[in-house]
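Residue-level structure breakdown
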Amino acid sequence: MAPSSPCKGRLAQSERFGRQGDDERLGADVAKGGVRAESGSGRGATIWFAVASKGNAAVPKVENRSSRAPLRFLIVEDAEADAELETLAVERAGIEATAERVDTAEALNHALDRGAWDAVLCDYDLPALPWPAAFEAFKSREIDIPFIVVSGTLNVQEAADLMLSGVTDIVMKDDLARLPPALKRELRAVQDRCTAREAQEKLFDASNLLENIAANIPGSIYRRVQRPDSATAYEYIHANLLEKLGQDSTALFGDVDRLAEFVHPDDRAAMRAAYARSAADQSRFDETRRVIAADGSIKWFRFIAMPSRRENGEIVWDGIALDVTVEQRAIDQAHERDEMLRALSENAPGVIYQRVLRADGTVSYPFVSKGSIEIYGYTPEEVAADPDIVRRTEDDSRQSNHDATIRRSADNLENWSWEGHIRRRDGKRLFVQAVARPRRLENGDTIWDGFAFDLTDRHEAEEEARRTREYLETVLENMAQGVLTLDKDMRVVHLNNQLRTMLYYPIEVGEPFETAVRFAAEQEAYGEGSIDSQVAER
């Protein structure tokens with residue numbers, strides 16, 4: 001089951017966390033967390049990362065959300081005062097929110113079943129509801145929202161166990177200023193996963209997907225400099241790039257230029273060549289390449305930068321690196337799926353199609369496989385040009401049934417199934433079955449993904465078997481002798497009218513034949529003697 005997600009619901013509609021604040025806070029982050037490091041060449045380089053402490057950590061502001069629906073938080077907490085403090089910390093950060101507090105397993109399950117929540121905040125030490133039980137109830141719903149543990153006291157081992165369990169984040173109760181930025185970061189991550197799922201559903205093509213990622217996903221800021229002698233260096237690197245690669249924030253201290261070594265060896269020449277072209281014509285640099293993480297895994301990053309020329313002849317690229325691993329895999333999977341569907345549609349018997357009923361009542365076929373020639377005698381192009389051509393192949397007596405079942409399927413979004421005779425373009429009469437599953441688009445259109453196949457041979461065989469069965473039943477019913485058919489358990493499968501008149505007991509199909517024999521023995525129909533022996537004999 002795919003995780004339940006607010007992709008198409010409240011989060012996507014409100015776009016509640018924008019990106020504008022990132023650039024505005026960059027200067028503040030530098031002031032608080034900039035670290036000066038000397039590279040091997042002696043030039044300075046700064047790695048940007050945010051540093052928070054209880055004494056001076058500022059609560060980040062978020063954009064004005066006065067016109068948007070409030071966020072809904074579910075707080076698992078037995079202390080009402082603590083829950084109010086958590087809510088207050090969020091509201092002070094400018095996040096409009098409503099919260100509901102629960103402190104028992106029953107209340108938690110009821111609240112999770114009701115939905116729809118934007119985040120769950122759970123106390124670590126709740127006597128009536130330990131956090132593992134709360135987290136298990138949360139995970140069982142497969143809800144794609146943040147689950148943040150809020151704790152008063154926590155040792156290193158407990159924190160490690162929490163993160164290994166899969167919780168989203170940990171916030172200490174004496175440092176609730178971390179709660180708003182943690183929520184903002186994780187809700188952005190939910191939106192990012194929504195983007196990937198939309199790509200998997202092929203709602204927009206790869207180009208639009210990557211452009212959308214570049215516009216909406218926060219990336220890692222960097223500055224690359226090429227000197228007049230063509231030597232290159234990285235002056236600025238945001239620390240979250242190292243985090244995404246699983247590297248320690250000090251990995252580049254003293255040798256920031258090692259960033260180029262993270263690029264996959266097979267992609268380094270292409271990256272250098274692309275930078276050379278960008279430097280030559282001062283054009284935008286935009287490359288998606290493989291990067292090697294600390295654990296050896298391969299990630300895909302999109303590097304986007306605009307060059308500018310300094311007075312001393314140096315060329316500077318101020319850019320952003322976006323982790324597009326999920327999206328790239330989704331694109332690759334989509335391409336593989338396209339190839340699979342293309343092969344399937346060309347080789348499978350029958351016709352695969354997609355039918356669209358628009359809100360205005362018009363019908364179209366965006367996709368029809370070549371099997372339409374075999375089934376209907378018309379090419380996919382002809383079906384697309386005249387959507388009613390399929391319906392006109394049906395017998396007149398079945399067209400009204402076809403229309404009624406389509407309307408019912410559209411109204412109730414229930415699977416559609418139809419079978420009946422059609423007359424192919426060449427005049428041949430076929431018996432066809434069609435099945436399809438509907439889904440509703442946000443604009444009100446209804447789409448059926450379906451399959452129609454030729455059942456003529458099977459239908460004719462069934463009809464022949466039915467006629468044969470009716471003939472045999474007629475012959476048996478009119479025979480002068482009694483005829484009886486039993487299954488392996490000696491139960492009656494069939495008996496004709498003559499046998500019914502011969503039996504003392506009005507036995508019915510499905511009953512044990514022994515019942516009729518025993519009844520006759522009890523009536524002394526077989527003479528004197530033990531009833532059991534007479535039953536066994538007969």
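Residues numbered from 1 in each chain as written. Predicted model: local features only at pLDDT ≥ 70, side-chain atom pairs only at ≥ 80, totals over all residues. Heavy atoms only, no water.

Let's shift gears to the packing of aromatic side chains. For the structure on display, the rule yields twelve aromatic pairs. Here Tyr124 and Trp131 contribute two aromatic rings whose centre-to-centre distance is 6.1 Å and whose plane-to-plane angle is 25 degrees, an arrangement assigned as stacked. With respect to burial, Tyr124 and Trp131 carry one shared label: buried. Look at Tyr222 and Phe303: their rings are 6.2 Å apart centre to centre, the planes differ by 75 degrees, and that puts the pair in the edge-to-face class. On the criterion of sequence distance, the pair formed by Tyr222 in strand β8 (residues 220-226) and Phe303 in strand β11 (residues 298-309) is long-range, its members being 81 residues apart. We note that Tyr222, like Phe303, is buried. Among the aromatic residues, those joined into a ring-pair cluster are Tyr124, Trp131, Phe135, Phe138 and Phe147. The lysine or arginine in question, Arg72, covers the ring of Trp117, its NZ or CZ lying 4.1 Å from the ring centre. Positioned above the aromatic ring of Trp448 is the side chain of Arg355, whose terminal nitrogen or guanidinium carbon lies 5.5 Å from the ring centre. (Phe/Tyr/Trp six-rings, centres within 6.5 Å; stacked < 30°, edge-to-face > 60°. Buried < 20%, exposed > 50% of the residue type's maximum accessible area, 1.4 Å probe, protein only. Helix = DSSP H or I, 4+ residues; strand = E, 2+ residues; numbered from the N terminus. Lys NZ or Arg CZ within 6 Å of the ring centre and 35° of its normal.)

With that out of the way, let us pick up the sheet that holds strand β7 (residues 169-172). Taking strand neighbours across the sheet as the criterion, the five strands line up as β4-β3-β5-β6-β7 in an open arrangement whose pairing is parallel. For this open sheet the edge positions go to β4 (97-102) and β7, each flanked by a neighbour on one side alone. Each adjacent strand pair in this sheet contributes to an overall mean axis angle of 25 degrees, direction not counted. (Pairing = 2+ DSSP bridges. Axes fitted to C-alpha atoms, helices over the stretch in contact; angles between N-to-C directions.)

Two to three positions downstream of the cap, the backbone nitrogen of Gln157 sits 3.1 Å from a side-chain oxygen, assigning the N-cap of helix α6 (residues 156-165) to Asn155. Looking one or two residues past α6, Gly166 carries a phi angle of roughly 110 degrees, positive in sign. (Polar contact = N/O pair within 3.5 Å; in protein donor to acceptor, adjacent residues only side chain to side chain.)

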